[in-house]
Amino acid sequence: MAAELHVELVAADRNVWSGEATLVVARTTSGDIGVMPGHQPLLGVLESGPVTIRTVGGNTVVAAVHGGFISFADNKLSLLAEIAELADEIDVERAERALERAKADTDSVSERRADVRLRAVSGR
C-alpha cells in the first residue's frame, strides 16, 4: 500500500491546492469521510464544510468547500468544488459580518456559507 496519495482541490474558477497527503477528511451527502492511501475507489457529492488535508510533510491544510464532487482512484483524490478557499485566504472579520447579516436576513444559504468559512479558519 502506498504511503501517500495525490490530492487536487479545484474550484470552478481556479486550482486551490495540489500536493501529496496522508489523509483527507471531507463532508459528503453520506457523512464525513476520511480518505487515506489505498482507499477503495469512490465517487461522492460534497456538502458544504471544511476539508482537512494532512500533508506528507506533517502540515495541515484546511479549506472551506461549498458543494461539488469527490473522486478517488489509483491513489489520486480529486475534490471538485463549486466554491473553495483555503483557510488562510479567509478574512475572518468579513466572514463574521456576513454571518451576522445572513442571520438578520434569515438567509440560511448565506449563513451556512459564512459558518463554513469560519469553521475552516478555526480548524473545526
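Anything mentioned here points back to the structure above.
Summary of the structure given here. The numbering scheme is per chain: residues are counted from 1 as the chain's sequence reads. Given that the model is predicted, a residue must reach a pLDDT of at least 70 before its local features are reported, and side-chain atom pairs must reach 80 or more before they are shown or counted; all residues, however, enter totals for whole chains, interfaces and linings. Values reported for side chains reflect all heavy atoms of the structure, with hydrogen atoms and water molecules removed beforehand.

**A look at helix α2 (residues 108–122)**
Only DSSP runs of H or I with at least four residues qualify as helices, and only runs of E with at least two residues qualify as strands; both kinds are numbered from the N terminus onward. A helix is expected to span 1.5 Å for every residue after the first. A rise of 1.5 Å per residue sets the reference length of α2, with its 15 residues, at 21 Å; its end C-alpha atoms lie 21 Å apart and thus fit the reference within 8%. Buried within α2 we find Ala 114, Val 116, Arg 117, Leu 118, Arg 119 and Ala 120. We call two residues in contact whenever any of their non-hydrogen atoms come within 4.5 Å of each other. Of the surrounding elements, those touching the buried residues of α2 are β2 (14–28), β5 (49–55), β6 (60–73), β7 (76–86) and α1 (92–104). One or two positions beyond α2, positive phi appears at Gly 123, with a value near 80°. Here the term buried applies to any residue with accessible area under 20% of the maximum for its type, exposed to any over 50%, and partly exposed to those in between, with areas from a 1.4 Å probe on protein chains only.

**Some remarks on the pattern of salt bridges**
Definition used for salt bridges: Asp or Glu carboxyl oxygen within 4 Å of a side-chain nitrogen of Lys or Arg. Applying the stated rule across the entire model yields 4 salt bridges. A salt bridge links Arg 117 to Glu 85, with the shortest nitrogen-to-oxygen separation between them at 2.6 Å. In this pair, Arg 117 sits in helix α2 while Glu 85 sits in strand β7, placing the two residues 32 residues apart along the sequence. Here Arg 117 matches Glu 85 in class, with each residue buried. The partner of Asp 115 in a salt bridge is Arg 119, with the nearest N and O atoms 3.2 Å apart. Highlighted residues: Asp 115 and Arg 119, both in helix α2, separated by 4 residues, approximately one helical turn.

**Some remarks on the side chain of His 66**
If you trace the backbone, His 66 turns up in strand β6. The class of His 66 is buried, set by a relative accessible area of 3%.

**Side note on the pairing of strand β3 (residues 31–35)**
What makes two strands pair is DSSP finding at least two bridges between them. The sheet contact formed by β2 and β3 spans 5 bridges and is antiparallel. Looking at β3, one finds that Val 24 is bridged to Val 35. Joining the antiparallel neighbours β2 and β3 is a turn of 2 residues.

**What to know about a negative patch on the surface**
Each patch is assembled from residues with relative accessible area greater than 30% and no salt bridge, linking like charges that lie within 9 Å and nonpolar side chains (Val, Leu, Ile, Met, Phe, Trp, Tyr) that lie within 5 Å. Only the protein chains shown count as covering a residue, and every accessible area follows the Shrake-Rupley method with a 1.4 Å probe. When charges are counted, neither His nor the chain ends are considered; positive counts come from Lys and Arg and negative counts from Asp and Glu. Think of each charge as sitting on NZ of Lys, CZ of Arg, CG of Asp or CD of Glu. Side chains of Asp 91, Glu 93, Glu 96 and Glu 100 sit close together on the surface and give a patch of like negative charge. Relative to the helices and strands, Asp 91 resides in the loop between β7 and α1.

**Points about unusual backbone geometry**
The phi angle at Asp 74 is positive, at roughly 50°, despite the residue not being glycine. Mapping Asp 74 onto the fold places it in the loop between β6 and β7. What makes Asp 74 exposed here is its relative accessible area of 72%. The phi dihedral of Thr 106 falls on the positive side, at around 50°, and the residue is not glycine. With respect to the helices and strands, Thr 106 occurs in the loop between α1 and α2. What makes Thr 106 exposed here is its relative accessible area of 69%.

Purely spatial values, then, with no claim about function.
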